[in-house]
Amino acid sequence: MTAGAPTETVRVEGLAAGGRGVARLDDGRVCFVPLAAPADLLDIAIGRDHGRWAEASIVRIQEGGAGRRDAPCPYYGRCGGCSIQHLEYGAQLDAKAGIVADALARIGGWDVPPPPIEGSPREWRYRNRMTFTLRRLPGGKIVAGLYARARRGRVVDIDARCLLPEEPLAAAWGALRRAWGPHAGHLPAGRELRLTLRALRPEGVSLSIEGGRGSGDPEALAAAIPELREVWHRPRGADGARRLYGGEAAGDGPHGFTQVNVEADAALAAHVQDVVAPGPGLRVVDAYAGAGAHARAAAAMGAHAVAIERDAAAVARGRRLAPDVDFREGDVELRLPGALPADVVVLNPPRAGLSADAAALLLEGGVGRLVYVSCDPATLARDIARLAAAYAPHSARCFDLFPQTAHVETVVELCATT
């Protein structure tokens, strides 16, 4: 709290995108309060004033909302890895569905109740991939963990007590911290490194190191960490990574994108296929496909499936997994015209959503249905508004792949109106 900052007492109305509480100041302006819960009665200190709205911090909780709890993680509040751990899990799900409904109505013009939301099978220990930042400080001190919540660029030192990684990853992180030696000498040299631990199936852990120079001593790390199957390093400024430890059969390396919550992602993928309803004769395009999971599932049901993806490594992996899928490498804006017409297009764009060019192609493409998988309610709603000239939203369902955070995945089916 800044000395002399004005204070007020507010009642929190709900949560905004990003997980901050929304309240009204005495003058009617909206105020955003981190770590607040719906229905909290708070004494707050006004921080940054943006004119039409303001930011604030909690001075005292006079009365906690019904969904508030004591966060179980010892780092919560300082660490930026979680933003709503102070809410009971059911309250987290309600808040996320509300965030989606608000964006759909306010930005997309689709006024619907909060969509159904499917929770993660595991509230804790669900992440199969974690990235930590390691910094070497003067005097031989090492700090390694996640970025701080309120101090941009600051790293909070975090050990295996973090509740997000799967148990094998948490154990490997604790072992790595013990094994990297004085001044982390068994890792590549350099002031800052990014360390990504990834669970391998059926067992084992992969370590990918970004930044720094040299190789360190990966053999010493492997000797001290029984779970470690491979070590990769991408030096600062390099285009690709090189293997420092492990045989070619250890894993696929640090390439491609996979969801960090396997069980919740499987539920989302099953719902997408239910909505697509693939069968013989159906033509399905999987855009922004990655390794083509949706296209592969459709092809297995007899559909003619085309997958469009710009990442060459993901395309190569998809072709190995499913020779019967027509993979087309390149940007969606360039490859989509040649893939149309289609009965269904599955869209799974990055957080920025569809480009204006991609939306224009869909408006002109004569596709019967779109199945839009979104990781950002605001860009989803914007794109629904962009497509309104030819498509009307039919259904929406949310999936929680990231408990303890404000992130939410949404699947919307849009049907052609012309």
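Everything discussed here concerns the structure shown above.
Each value, and the rule that gives it
All chains use their own residue numbering, which begins from 1 and follows the written sequence. Totals for whole chains, interfaces and linings use all residues, but because this is a predicted model, local features are given only for residues with pLDDT of at least 70 and pairs of side-chain atoms are given and counted only at 80 or more. Computation of side-chain values: all heavy atoms of the structure, hydrogens and water removed. Runs of H or I in DSSP of at least four residues are treated as helices and runs of E of at least two as strands, each being numbered from the N terminus. A simple rule labels every residue: compare its accessible area, found with a 1.4 Å probe on the protein chains alone, to the largest value its type can have, and call it buried under 20%, exposed over 50%, or partly exposed in between. By definition in these notes, contact holds between two residues if any of their heavy atoms fall within 4.5 Å. For the charge count, each Lys or Arg is scored as positive and each Asp or Glu as negative, with His and the chain ends excluded. The location of each charge is read from NZ of Lys, CZ of Arg, CG of Asp or CD of Glu. For two strands to count as paired, DSSP must find a minimum of two bridges between them. Axis definition: a line fitted to C-alpha atoms, limited for helices to the stretch in contact. Angles are taken between N-to-C directions and run from 0 to 180 degrees. Two rings from Phe, Tyr or Trp (for Trp, the six-membered ring) form a pair when their centres sit within 6.5 Å of each other. Planes less than 30 degrees apart are called stacked, planes more than 60 degrees apart edge-to-face, and all others tilted. Throughout, the arc means that of the directions going from the helix axis to the C-beta atoms. Each polar contact in these results corresponds to two N or O atoms within 3.5 Å; when the atoms are within protein, one needs to be able to donate a hydrogen and the other to accept it, and residues that are neighboring in sequence are counted only if both atoms are side-chain atoms. Seen with the strands pointing away from the viewer, any crossover whose path from the first strand over the helix to the second strand runs clockwise is right-handed. Definition used for salt bridges: Asp or Glu carboxyl oxygen within 4 Å of a side-chain nitrogen of Lys or Arg.

Caption draft 1: Local environment of the overall build of the protein chain. Summing up its helical and strand segments, the protein chain has 9 helices and 21 strands in all. For the protein chain, the spread of C-alpha atoms along the principal axes amounts to about 65 × 65 × 35 Å. For the protein chain, buried positions account for 50% of its 418 residues. Looking at the protein chain alone, contacts between residues at least 24 apart form 58% of all its contacts between residues at least 6 apart. Within the protein chain, one finds 49 positive and 49 negative side-chain charges whose respective centroids are separated by 6 Å.

Caption draft 2: Spatial organisation of the environment of isoleucine 142. Counting through the fold element by element, isoleucine 142 comes out in strand E9 (residues 142-147). Look at isoleucine 142 and you get buried, because its relative accessible area is 19%. Linking isoleucine 142 and alanine 95, residues 47 residues apart in sequence, is a C-alpha distance of 37 Å. Excluding residues within four positions of it along the chain, isoleucine 142 makes contact with Leu134, Arg135, Arg136, Asp157, Trp180, His183 and Ala184.

Caption draft 3: Here's a closer look at the side chain of glutamate 166. As for its position among the elements, glutamate 166 is in the loop between strand E10 (155-157) and helix H2 (167-179). Those residues in contact with glutamate 166 that sit more than four places away from it in its chain are Arg122, Arg125, Tyr126, Arg127, Asn128, Ala199 and Arg201.

Caption draft 4: Seen up close, the sheet that holds E9. The strand order E10-E9-E8-E11-E12-E13-E14 describes an open sheet built from 7 strands, whose pairing is mixed. The outermost strands of the open sheet, each flanked by one partner alone, are E10 and strand E14 (242-245). In this sheet, neighbouring strand axes are inclined to one another by 35 degrees on average, regardless of whether the strands run parallel or antiparallel.

Caption draft 5: Region of interest: the packing of aromatic side chains. The full count for this structure, using the stated rule, is 3 aromatic pairs. Ring geometry for phenylalanine 32 against tryptophan 53: centres 5.5 Å apart, planes inclined by 80 degrees, an arrangement best described as edge-to-face. Taken together, the positions of phenylalanine 32 in strand E4 (residues 30-33) and tryptophan 53 in strand E6 (residues 53-63) put the pair 21 residues apart, joining distant regions of the chain. Ring geometry for tryptophan 173 and tryptophan 180: centres 5.8 Å apart, planes at 75 degrees, overall edge-to-face. Accessibility expressed as a relative area gives 2% for tryptophan 173, which makes it buried. Exposure remark for tryptophan 180: the relative accessible area of 6% places this residue in the buried category. An aromatic cluster is present here, built from Phe132, Trp173 and Trp180 joined pairwise through their rings.

Caption draft 6: Representation of unusual backbone geometry. For the bond running from arginine 201 to proline 202, omega is 10 degrees, close enough to zero to count as cis. Inspection of the secondary structure assignment puts proline 202 in the loop between strand E11 (192-199) and strand E12 (205-210). Here leucine 340 and proline 341 are connected by a cis peptide whose omega angle stands at 5 degrees. By secondary structure assignment, the location of proline 341 is in the loop between helix H7 (332-339) and strand E18 (344-347). Positive phi, normally seen in glycine, also occurs at histidine 183, with a value near 55 degrees.

Caption draft 7: Highlighting helix H8 (residues 356-364). Taken residue by residue, H8 has Ala358, Ala359 and Leu362 as its buried positions. Taken around the axis of H8, the buried residues stretch over an arc of 100 degrees, which confines them to a single face. Within H8, the exposed residues directed more than 90 degrees away from the buried face are Ala356, Asp357 and Glu364. Contact partners of the buried residues in H8: H7, E18, strand E19 (369-374), helix H9 (377-386) and strand E20 (391-399). Looking one or two residues past H8, glycine 366 carries a phi angle of roughly 70 degrees, positive in sign.

Caption draft 8: Here's a closer look at the pairing of E11. The element E11 is largely enclosed, with a buried count of 6 among its 8 residues. Sheet analysis places strand E8 (residues 129-136) next to E11, joined by 7 bridges and oriented antiparallel. The residue bridging phenylalanine 132 from the neighbouring strand is leucine 195, located in E11. Of the strand pairs in this sheet, E11 and E12 are connected by 6 bridges, and their pairing is antiparallel. Note that in E12 the partner of leucine 197 across the bridge is leucine 207.

Caption draft 9: Representation of the side chain of arginine 136 within the structure. By the secondary structure assignment, arginine 136 is in strand E8. One polar contact links the side chain of arginine 136 to the main-chain carbonyl oxygen of histidine 183, over a distance of 3.0 Å. In this structure the side chain of arginine 136 is engaged in a polar contact, spanning 2.6 Å, whose partner is the backbone oxygen of alanine 184. Setting aside anything within four residues of it in sequence, one finds arginine 136 in contact with Lys141, Ile142, His183, Ala184, Gly185, Leu187, Pro188, Ala189, Gly190, Arg191 and Leu193.

Caption draft 10: Representation of the pairing of E12 in the model. The buried count for E12 comes to 5 of 6 residues, which makes it a mostly enclosed element. In this structure, the hairpin formed by E11 and E12 is closed by a connection of 5 residues, where glycine 204 is found at a positive phi of approximately 105 degrees. In this structure, E12 lies alongside strand E13 (residues 228-234), joined through 6 bridges in parallel fashion. Directly across from isoleucine 209, in E13, lies its bridge partner histidine 233. Each parallel crossover has a hand, and the one from E12 via helix H3 (residues 218-224) to E13 is right-handed.

Caption draft 11: Looking closely at the pattern of salt bridges. Applying the stated rule across the entire model yields 28 salt bridges. For arginine 382, the salt bridge identified is with aspartate 383, shortest N-O distance 2.9 Å. Overall, aspartate 383 belongs to the buried group, its relative accessible area being 0%.

Interpretation note: all reported values are geometric properties and have no functional meaning in isolation.
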